[in-house]
Amino acid sequence: MASINKRGNKWQVRICRKNSPTICKTFTLLKDAQTWAKTVELRLERGEALGRDTVQLSVLLERYRATIATSKKGFKQEEPRLRAWLTHPYSQREAASLKPEDIASYRDQRLAEGKSTSTVRIELSLLSSVYKYAKHEWGFSTLSNPVTEIRRPSPSKGRDRRLEAGELEALLKATEGSFMSIVILLAIETAMRAGELAVLRWENVNLERRIAVLPDTKNGDKRVVPLSTKAIEILRSLDRTSPTVFQIQDSYVISDAFRRVTRKAGIKGLRFHDIRHEAVSRLFEKRLNLMEVASISGHRSLQMLQRYTHLRAEELALRLG
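This text gives an overview of the structure that appears in the document. No experiment lies behind these values; they were computed from the predicted model shown.

**Quick look at the packing of aromatic side chains**
- Within the structure shown, the criterion is met by four aromatic pairs.
- Taking 5.4 Å as the distance between ring centres and 80° as the angle between the ring planes, the aromatic pair formed by Phe258 and Phe272 counts as edge-to-face. Pair noted here: Phe258 is in helix H10 (residues 251–265) and Phe272 is in helix H11 (residues 272–285), with a separation of 14 residues, a long-range link.
- A relative accessible area of 1% places Phe258 in the buried class.
- Its relative accessible area of 8% is what places Phe272 among the buried residues.
- Feature note: the residues Tyr64, Tyr133 and Trp138 constitute an aromatic cluster, connected by ring pairs.

Laid out in structure tokens, this is it:
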């Protein structure tokens, strides 16, 4: 059954049928909207295949959010990008009307606004995924993906930020008496991500065996993290007053707190993820090989692991003798 609603100075038609994609189109005149709705419903009754120009981009974005995005681990990161696309003028256009030049214009505008190449690449990848699902799984078999036809910004160089002399001491001083001092120290000892630390449960920590089990990591795999003597000391010093080691909700709590800590400590250009970078680099400086470090850090790609690893020149000099 078709529904016709006024949106600003235009009329939007939505046709929803069970087991069929939602069809949407916008008109300037109400009579045109009514005529089109009747025509499309008649074609549906006849079982005809509809053209690719019968769905609005916002409908595809909403469907992607409801059926795909909400089941992803990175939904919290993706949700703001979906909202941004839904509020963009492109979302009110028919999906098939967007051409490569439109997407290229969006790319150039975002870069001109000062957005990083990584941010723009992620935004374009999200839109491309919506088109792919629409074409291959939602019945819009003739819908072309305009994102695939443009040049995407080159990937940004990987971060190589490590703790500089005195920064760890400054961080610990700024976090004295708070849970963040323990989080920072444990992150350096284990190379765990913020999200992994946030959900670490006592039932998965075995101090006798010196391991912490991460049942469900970012990569979707289980990982067993060996615990150093320092990590054991840190964990033994904590009270087990809740099922989780840290009584926080998610990784955002850690990231937000770390930003406040760096401001308080007067440290610039340091993110919490750089602590993981520091931890991985220290593992190499302890002369662990690539496979050993990968088993601790959980990196699937050795190339990615090498990008994260930057040994200090002075450490290498000592090895050379």
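**Concerning the sheet that holds strand S4 (residues 205–206)**
- With antiparallel pairing, the three strands of this open sheet are ordered in space as S4-S5-S6. Of all strands in the sheet, those with a lone pairing partner are S4 and strand S6 (223–226), marking the two edges.
- Across two bridges, S4 lies against strand S5 (residues 211–214) in antiparallel orientation. Within the sheet, the bridge partner assigned to Asn206 lies in S5 and is Ile211.

**Examining the pairing of S6**
- Side chains Arg223 and Val225 of S6 all project onto a buried face; the interleaved residues Val224 and Pro226 project onto a face where none is buried.
- Alignment of S5 against S6, held across four bridges, turns out to be antiparallel. Bridged to Val213 within S6 is Val224.

**Some words on the side chain of Ser128**
- Secondary-structure assignment places Ser128 in helix H5 (residues 117–136).
- Engagement of the side chain of Ser128 in a polar contact is seen with the side chain of Asn145, the distance being 2.9 Å.
- Once residues lying within four places of it in the same chain are set aside, the contact partners of Ser128 are Asn145, Val147, Thr148 and Arg152.

**Here we look at the packing of helix H7 (residues 179–190) against helix H9 (residues 229–236)**
- Where H7 contacts H9, the axes come no closer than 9 Å and their chain directions differ by 150°. Here H9 runs roughly antiparallel to H7, going by the angle between their axes. The interaxial crossing formed by H7 with H9 has left-handed handedness. Contacts between H7 and H9 involve Ile182, Leu185, Leu186, Glu189 and Thr190 on the former and, on the latter, Lys230, Ala231, Ile234 and Leu235.
- For the contact of H7 with H9, the residue count by class is six nonpolar, one polar and two charged.

**Section: the pairing of S5**
- Burial of the side chains of S5 extends over both faces: Ile211 and Val213 are buried on one face and Ala212 and Leu214 on the other.
- Where S4 folds back on S5, the antiparallel hairpin that results is connected by four residues, among which Arg210 adopts a positive phi of roughly 60°.

**Considering the pattern of salt bridges**
- Taken as a whole and judged by the stated rule, the model has 16 salt bridges.
- With a shortest N-O distance of 3.0 Å, Glu78 and Lys72 are connected by a salt bridge.
- By relative accessible area, which is 10% here, Glu78 ends up buried.
- On the accessibility criterion, Lys72 (35% relative accessible area) is partly exposed.
- Taking the shortest distance from any N to any O, the salt bridge between Arg110 and Glu113 comes out at 3.1 Å.
- By relative accessible area, Arg110 is classed as buried at 17%.
- Connected via shared salt-bridge partners are Glu62, Arg65, Glu79 and Arg83.

Calculation notes
Residues numbered from 1 in each chain as written. Predicted model: local features only at pLDDT ≥ 70, side-chain atom pairs only at ≥ 80, totals over all residues. Heavy atoms only, no water. Phe/Tyr/Trp six-rings, centres within 6.5 Å; stacked < 30°, edge-to-face > 60°. Helix = DSSP H or I, 4+ residues; strand = E, 2+ residues; numbered from the N terminus. Buried < 20%, exposed > 50% of the residue type's maximum accessible area, 1.4 Å probe, protein only. Pairing = 2+ DSSP bridges. Polar contact = N/O pair within 3.5 Å; in protein donor to acceptor, adjacent residues only side chain to side chain. Contact = heavy atoms within 4.5 Å. Axes fitted to C-alpha atoms, helices over the stretch in contact; angles between N-to-C directions. Parallel < 35°, antiparallel > 145°, perpendicular 65-115°, else oblique. Left-handed = near helix turned anticlockwise from the far one by under 90°. Nonpolar A, V, L, I, M, F, W, Y, C, P; charged D, E, K, R; others polar. Salt bridge = Lys/Arg side-chain N within 4 Å of Asp/Glu carboxyl O.

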